Amino acid sequence: MYRAQFPFPPYFPYGTPPALFAHPSPLPASPAAMNLASPLPSSGWYSPSPALSSAPVGAAYGFGMPSPARPAAYPSPLVAMSFSPAQPGPPAFHPPAYSPLAAYSPFARRAHHMPPPPSSPSMRGLRSRAAAGAARASAAAAANGISMSAITPQIRPRPAFTISRLETAAYEGQKPGTSGLRKKVAVMQQPNYVANFVQAIFDAVDDLAGATLVVGGDGRFYNDVVIQLIVRMAAANGVGKLIVGQNGILSTPAVSALVRDFGAAGGIILTASHNPGGPDGDLGIKYNIGNGGPAPDAVTAAIYDATKSISRILTADDIDDIALATPARYTFAGSDFEVQVVDSVANYVDNMKRIFDFPAISSLLTSGSFSMVFDAMHGVTGPYATAVLVDELGAPPSSVINGTPLPDFGGGHPDPNLTYAHDLVELMNSGKYDFGAASDGDGDRNMVLGNQFFVNPSDSVAIIAAHANDTIPFFARSPLTGLARSMPTSQALDRVAAHLGLELYETPTGWKYFGSLMDAGLISICGEESFGQSSVHIREKDGLWAVLAWLSILAANPGSSVEDICTRHWASYGRNYFTRYDFEEVDSDGAAELMARLVRKLDSWVGGKLDAGYVVRHADEFAYVDPVNGARASNQGIRFLFDDGSRIVFRLSGTGSSGATIRVYIEQYEPDASEASTPASEKLAPLVNLALSMSRMEEYTGRTEPTVIT
Ligand SMILES: O=P(O)(O)OC[C@H]1O[C@H](O)[C@H](O)[C@@H](O)[C@@H]1O
């Protein structure tokens, strides 16, 4: 009988160590099943699952433990467990600091406040190790200095699988939005709903046979089920290799980095980003292409077309759940298909170390005169933030709050803005911290705050770009080539581009439009008003990257506060005042009529004098032709450009899952530095009122107030 034991008290994070305990019959099918489905009894033994019994001596798994504070939630910190199939009776016990799990799982290390294992193989050294494996991904990984065998030393052979062809019928409405397919969990849980969409990806995307795909998600409810489904369908559809994040968790920027570093054909990201999670929340599936970025319109259109005519699903239902808790490689008899579970954090941390001056940032964070707090909002970024900010840069562990990924984000709305990141906003308003930041469910968005000071995301990208060449080693080595922003984002970035003599590209909303510009070397940094900034290091926006960029600026300007940095920027460039009003989940028909009326009246407003003396110089529906590949995108928002340079933009959100969300973007330029400290709400009030009256917002939506103001 194989036995399992939980670790000694010092490693149990909640004070009272669990005694040994048994899992009730029937046995769970896999560690993953235990992790997610089982109430934990108070004492006894776990009996082995089939997956455990085939593991080698000394292997270790991590399991989710409900936190006493949140008994209904799963999986909170991992508990390391070691077992020895060779020994009868109680197992040989390996303290987690020296177990393979501790060595390969930053999650487990951090959950138990363990130091990096001194004598175990360290993730940090992976890049220098010899590459292994003949598969394409291994070769690409080797080219990037990553050793696949070092990341996942254990090969776990599985029996052969059989491919089944299941009849299915198309669902309507599987059209991806701004960033993938997002629906309520209940919609996604309909029979074959997710399987249809996944099959559509395999059918629509060329060259996936024999290719490598990266799969991971933000840990939200139902991710675990969908990952196992993708494994079975990938096997049946001839995919060569799946790289899966440990515990199924990967931030969106981490997926982008893995796709690029491992030469994968693409990635499937399970996230609805900043939308709420849990059984009543949203689920999302997004396909990224081989450059690591979101699929462009042509690919999402092909996937959507495939969903409309789908009639069969290919799956290998006899593949048992993959144990996602431990890095390992799963091979299958009679097939080249392989699943590789990788550390979710290590590759990302390595990349950040190559981009930023970690010693300089660390000096700031450990100087004793600087304090920061990072709110992961119970999204995916907690483990990444802890690895980077705490483990690498020396910030105190308390610097990361809400750092445990939870399937329902703790009941919150994981959107890092002034409304939903209220824990962070309160802390920053208390005046105790110099720097604050938050990121969203999947870690691509961020919000940056100073002491009682908000940095508008449009300003954030401009300020990062203005300082990049001087403060970020990555750009010292490869100076900025050009800059880009989405159309509604303020034109603060345009002024930096002009100052640096760089081209500025204005794209439609959606990160997918930056990819071709980056691939062609036309831009190095880009950003969106929707709390996103990133660079050419990957093809997604990257919340933690933006935080490190800000810390780099602060480290290079000793004694300057976040507010000082912004004020000096406005003094040099003038201030592009910007605000966004969101009218969330309004009636879809009313929203469509509001937009249609604005389009009908576009021309009639041009040249006329409106309230507060504003004169419309130009009005249109924004359309874009990609300068690299000629792809066209139309109907990308209605914009009114005024003769003083101000703008009002109306756009329907493409990321919601119910009703419609109208976004109103307002911008006004103030060249006079002495005027730059007026609050944005005051400065922009006349334009806001004009926007609301031009659109007849109340008449069409019944709303007098927005739900969110940025
Ligand atoms: O369509 P919206 O709700 O305005 O959201 C727009 C945003 O959606 C996602 O987050 C994309 O990754 C962003 O690139 C985009 O800016």
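Residues numbered from 1 in each chain as written. Predicted model: local features only at pLDDT ≥ 70, side-chain atom pairs only at ≥ 80, totals over all residues. Heavy atoms only, no water.

Enquirer: Before we go on, may I ask you to explain the nonpolar core in this structure?
Expert: Across soluble globular proteins, nonpolar side chains show a tendency to be buried alongside one another. Within the largest apolar cluster, 74 residues are counted, with the highest numbers of intra-cluster contacts made by Phe435 and Leu551. When we break this core down by domain, the ones giving at least three residues each are domain 2 (148-344) and domain 3 (348-573). Phe435 has contacts with Phe370, Ser371, Met372, Val373, Met428, Val448, Leu449, Val547, Trp550, Leu551, Leu554 and Val562, leaving out every residue within four places of it along the chain. (Core = buried A, V, L, I, M, F, W, Y, C linked by side-chain atoms within 4.5 Å. Buried < 20%, exposed > 50% of the residue type's maximum accessible area, 1.4 Å probe, protein only. Domains from an automatic or database assignment. Contact = heavy atoms within 4.5 Å.)

Enquirer: So what exactly am I meant to see when it comes to empty space enclosed by the protein here?
Expert: Empty space left among the atoms is revealed by rolling a probe the size of a water molecule over them. Considering all chains together, one arrives at 5 cavities of 30 Å³ or more under this definition. Empty space within the largest cavity amounts to approximately 240 Å³. What lines the largest cavity is a set of 27 residues, among which Thr178, Ser179, Arg445, Lys541 and Thr655 lie closest to the centre. Along the lines of polarity and charge, the residues of the lining of the largest cavity split into 3 nonpolar, 11 polar and 13 charged. One number sums up the size of the second largest cavity: a volume of about 100 Å³. Considering the residues around the second largest cavity, the lining is formed by 15 residues, among which Pro176, Gly180, Lys286, Tyr287 and Thr300 are closest to the centre. Where the lining of the second largest cavity is concerned, the elements lending two or more residues are strand 9 (282-288) and helix 11 (297-309). When grouped by side-chain class, the residues that make up the lining of the second largest cavity number 8 nonpolar, 5 polar and 2 charged. (1 Å grid on protein atoms, 1.4 Å probe; cavity = no way out; pocket = protein on both sides within 12 Å on 5 of 7 lines; lining within 4 Å. Points joined across faces, edges and corners; volume = space filled by probe spheres on them. Nonpolar A, V, L, I, M, F, W, Y, C, P; charged D, E, K, R; others polar. Helix = DSSP H or I, 4+ residues; strand = E, 2+ residues; numbered from the N terminus.)

Enquirer: Would you take a moment to explain the sheet that holds strand 27 (residues 647-652) for this structure?
Expert: Sheet strands line up and pair through hydrogen bonds in the backbone, either parallel or antiparallel. The antiparallel open sheet is built from 6 strands, whose spatial order is 23-26-27-28-22-29. The sheet is open, and its two edges are formed by strand 23 (616-621) and strand 29 (708-709), each paired on a single side. Sheet topology places strand 22 (residues 575-586) next to strand 28 (residues 660-670); 10 bridges connect them, and they run antiparallel. Paired with Thr579 across the two strands is Ile666, which belongs to strand 28. (Pairing = 2+ DSSP bridges.)

Enquirer: Help me out: how do you make sense of unusual backbone geometry in this one?
Expert: Most peptide bonds are trans, and most residues other than glycine sit at a negative phi. In this model, Met377 sits at a positive phi of 55°, which is unusual for a non-glycine residue. Looking at where Met377 falls in the secondary structure, it is placed in the loop between strand 13 (372-375) and helix 14 (381-392). Owing to a relative accessible area of 7%, Met377 belongs among the buried residues under this scheme. One non-glycine residue, Phe531, adopts positive backbone phi at about 65°.

Enquirer: Hey, could you run me through the packing of helix 16 (residues 457-471) against helix 21 (residues 562-573) in this one?
Expert: How two helices sit against one another is set out by the angle between their axes and by the gap between those axes. Their axes nearest at 11 Å, the elements helix 16 and helix 21 cross at an angle of 80°. Between helix 16 and helix 21, the angle falls in the class roughly perpendicular. The segment helix 16 lies against helix 21, with Asp459, Ala462, Ile463, Ala466 and His467 engaging Ile565, Cys566, His569, Trp570 and Tyr573. A breakdown of the residues in the contact of helix 16 with helix 21 according to their chemical character gives 7 nonpolar, 2 polar and 1 charged. (Axes fitted to C-alpha atoms, helices over the stretch in contact; angles between N-to-C directions. Parallel < 35°, antiparallel > 145°, perpendicular 65-115°, else oblique.)

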